[in-house]
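An overview of the molecular structure
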Amino acid sequence: MNRLKAAGFLLVFLVPLQMPLAAWLAARSGRVDAAAWFPLLFLFVLLPAADYVLGRDSANVPGDREKQVALAPWFKTLTLLAMPIQVALLAFSGYWFVHAGMSAVGMLGWLLSQGVVGGVLAINTAHELIHKDERIERAFGGMLLTSVGYFGFKIEHLRGHHVHVSTPEDASSARFGQSLWHFLPRAMLRNTRNAWRLEVERLHKVGLPAVHWRNEMIGWTMLWLICAVAFYLWLGSPGLAFFVVQGVLAAGSLEIINYVEHYGLERQRLADGRYERTTHLHSWNSNYALSNLMLFQLQRHSDHHAFPKRRYQILRHHVDSPQLPGGYSAMFVLALCPPAWRRVIDPRVMAFRNSVPAIRAP
C-alpha cells in the first residue's frame, strides 16, 4: 500500500469533525437550527458527490506484502484513536445539545447528525476491532459500542451474523423485496434479543448461570448505565435524553448499512440441510475510493465475510462479487425510499443471481 493511501485513512476523522464544525457554523452565522443539519448535508450530499467524482479504487495489496501491511502499527493506531475521540465528541455534542438554544427542529437535526456520526465513528470502528484477537482491540470495540448502547452487537455479530449471514436465520440480512422500514425495527430488536440468548448459551456450556459476573451483556449494560447516569448528573434530563437517543439512532444507522450490505443475497442450502460456506459472493461490494477510506474499507464487505479476521487495510476487491452502484452514503439515502431502492437494486440482484452458476462453475 502506498503512503498516500495509508495516510488517507485519516479521513475517517473528518466524520466526527462535522459536529464541532456545525457548532462553529452556528456561532458564526447565528443560524443554530440550520447548522445542526450540516453534518447530514456533508455525509449524504457532499460525500456521495465527491465519491462519484473521485471514482473507484479496485487495487489490492499484493499478496507478498499483505503480512507486512497487516502488521504495520499505523493502521491499528487509527482504530484505537476512535475511542478517546468518541468520548470527547459525546461530551462536546451533549453539552452543545443542552446549551446551544436550539428549537425542536435544531435538536432533531443535531440528534440525527450525532447518531449517524456515532454509527460511523463508534460502530464502524468497533466492527473492525471486535473481530481481532488482541484484548485491547476487543475491549475498545466493546467500549465504543457501549457509548451508543448497542453493545450486544459485539456478541451477536460474531456468533450470530457471521454464522447465519445471507440465510433466513440472520436478522441482519434483508430478504429480496423486503423494505428497509419492515427490516429495521425487527433487526434491532432481534439482534439485541439474540445477543442475550447467545451469551446465556455460552455460560451454560461452561456450567455457569445466566446471572454471573462473566456475562458480557451484564457487564456492558452496567457500563452503559454508568455513562447514562453521568450524563444525567452533568447535563440533567436533556443530557440523559441526548445520550439515549443518539445511541438508538447510531444503532439504526448501523442496521441500515446491514440492510444495504446483504439485501437479496442468499446462501444455498445443501443436501445435508446445512448452508453453503460463506464466500465473497454473499455480501455487496463497493469500491468507491473516498468512502472506503472514510469507513476503514468496510465497503469491501464481500472479502470481510469471506475472511472475517482480515484487517481492514488488506481487504480485497473481488470483481465477481455483487457490486453496488455507489458508496454506502449514497446507498443509505437510496434505501430510505423503498420504491427507488427496488428500482435500482432489484435488477442487480436478479442479474447477479443469474450469473452465480457461471461464477461457481470450475
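Placed above this text is the structure.
The model shown is predicted, which means the values in this text are computed figures rather than measured ones. (Residues numbered from 1 in each chain as written. Predicted model: local features only at pLDDT ≥ 70, side-chain atom pairs only at ≥ 80, totals over all residues. Heavy atoms only, no water.)

A separate point is the overall build of the chain. Regarding its fold elements, the chain presents 15 helices and 0 strands. For 362 residues, the compact-globule formula gives about 21 Å, and the C-alpha radius of gyration of the chain, at 20 Å, lands near that figure. For the C-alpha atoms alone, the extent of the chain along its principal axes is close to 65 × 55 × 45 Å. Out of the 362 residues in the chain, the part that is buried amounts to 54%. Here the analysis covers contacts within the chain between residues at least 6 apart in sequence; of these, 71% occur between residues at least 24 apart. For the chain, the accessible area works out to roughly 16,100 Å², and carbon and sulfur atoms hold 67% of it. Between the mean site of the 35 positive side-chain charges and the mean site of the 23 negative ones, the chain shows a separation of 1 Å. (Helix = DSSP H or I, 4+ residues; strand = E, 2+ residues; numbered from the N terminus. Rg over C-alpha atoms; globule rule 2.2 N^0.38 Å. Buried < 20%, exposed > 50% of the residue type's maximum accessible area, 1.4 Å probe, protein only. Contact = heavy atoms within 4.5 Å. Areas by Shrake-Rupley, 256 points an atom, 1.4 Å probe, with all protein chains shown as cover. Lys, Arg positive; Asp, Glu negative; His and termini not counted. Charge placed at Lys NZ, Arg CZ, Asp CG, Glu CD.)

Turning to the side chain of Gln178, a few remarks are in order. Relative to the assigned elements, Gln178 resides in the loop between helix H9 (153–164) and helix H10 (180–205). A relative accessible area of 15% means that Gln178 is categorised as buried. Within the structure, the side chain of Gln178 is placed 2.9 Å from the side chain of His182, a separation counted as a polar contact. Residues in contact with Gln178, not counting those within four places in the same chain, are Phe183, Tyr259 and Tyr263. (Polar contact = N/O pair within 3.5 Å; in protein donor to acceptor, adjacent residues only side chain to side chain.)

So, on to the nonpolar core. Counting 97 residues, the largest nonpolar core has Phe9, Trp110, Tyr259, Tyr263, Met331, Trp341 and Ile345 as its most contacted members. Sorting elements by how many residues they give to this core places helix H11 (residues 216–262) first, with 14 residues. Excluding its chain neighbours within four sequence positions, the residues that come into contact with Trp341 are Tyr259, Val260, Tyr263, Met331, Leu334, Ala335 and Asp346. (Core = buried A, V, L, I, M, F, W, Y, C linked by side-chain atoms within 4.5 Å.)

Compared with the 39 Å implied by 1.5 Å per residue over 27 residues, the 36 Å span of helix H7 (residues 104–130) between its first and last C-alpha is a close match. Approximately 30° is the largest bend angle found in H7, and it occurs at Gly118. Of all the 27 residues making up H7, 22 are buried; the element is thus mostly covered by neighbouring parts of the structure. (Expected span 1.5 Å × (residues − 1). Bend = angle between axes of the 7 residues up to and from the residue.)

What follows covers the pattern of salt bridges. Per the counting criterion, the structure on display carries 14 salt bridges. Close ionic contact of Glu137 with Arg311 constitutes a salt bridge, the shortest N to O distance being 2.9 Å. Pair noted here: Glu137 is in helix H8 (residues 135–146) and Arg311 is in the loop between helix H13 (301–306) and helix H14 (328–335), with a separation of 174 residues, a long-range link. Using a relative accessible area of 17% as the deciding quantity, one classes Arg311 as buried. Between Glu216 and Lys154 there is a salt bridge, and its shortest N-O distance comes to 2.8 Å. Remark: Lys154 occurs in helix H9 and Glu216 occurs in helix H11; sequence separation between them is 62 residues. (Salt bridge = Lys/Arg side-chain N within 4 Å of Asp/Glu carboxyl O.)

Direction vectors running N to C along helix H4 (residues 38–54) and H7 enclose 45°, while the axes themselves pass 8 Å from each other. With respect to their mutual orientation, H4 and H7 come out oblique. At the point where H4 passes H7, the crossing takes the left-handed sense. Residues Pro39, Leu40, Leu43 and Phe44 of H4 form the contact with H7, whose own contacting residues are Gly109, Leu112, Ser113, Val116 and Val117. A breakdown of the residues in the contact of H4 with H7 according to their chemical character gives 7 nonpolar, 2 polar and no charged. (Axes fitted to C-alpha atoms, helices over the stretch in contact; angles between N-to-C directions. Parallel < 35°, antiparallel > 145°, perpendicular 65-115°, else oblique. Left-handed = near helix turned anticlockwise from the far one by under 90°. Nonpolar A, V, L, I, M, F, W, Y, C, P; charged D, E, K, R; others polar.)

Glancing now at H11. Under the 1.5 Å per step criterion, the end-to-end length of H11 is only 27 Å for 47 residues, more than 12% shorter than the ideal 69 Å. At Leu235, H11 shows its maximal kink, close to 140°; a proline, Pro238, follows between one and four residues later. Capping of H11 at its N-terminal end is provided by Asn215; its side-chain oxygen lies 2.9 Å from the backbone amide nitrogen of Met217. Where H11 ends, the next residue or the one after it, Gly264, has phi of about 75°, a positive value.

Moving on to the environment of Leu4. Locating Leu4 in the fold gives a position in helix H1 (residues 3–8). Put simply, Leu4 and Arg214 are 210 residues apart on the chain and 43 Å apart in space, counted from C-alpha to C-alpha.

The backbone of Phe296 shows a phi angle near 50°, a positive value even though the residue is not glycine. You can see Phe296 is positioned in the loop between helix H12 (289–294) and H13. The exposure class assigned to Phe296 is buried, which follows from its relative accessible area of 3%. Positive phi, close to 60°, is recorded for Gln297, a residue that is not glycine. On the basis of relative accessible area, Gln297 is assigned to the buried category, the value being 2%.

For the rest of this paragraph, the subject is the environment of Gly177. By the secondary structure assignment, Gly177 is in the loop between H9 and H10. Judged by relative accessible area, Gly177 falls into the partly exposed class, the value being 31%. For the pair Gly177 and Leu11, spaced 166 residues apart in sequence, the C-alpha to C-alpha distance is 35 Å. Contact partners of Gly177, with chain neighbours within four places excluded, come to Tyr263 and Arg342.

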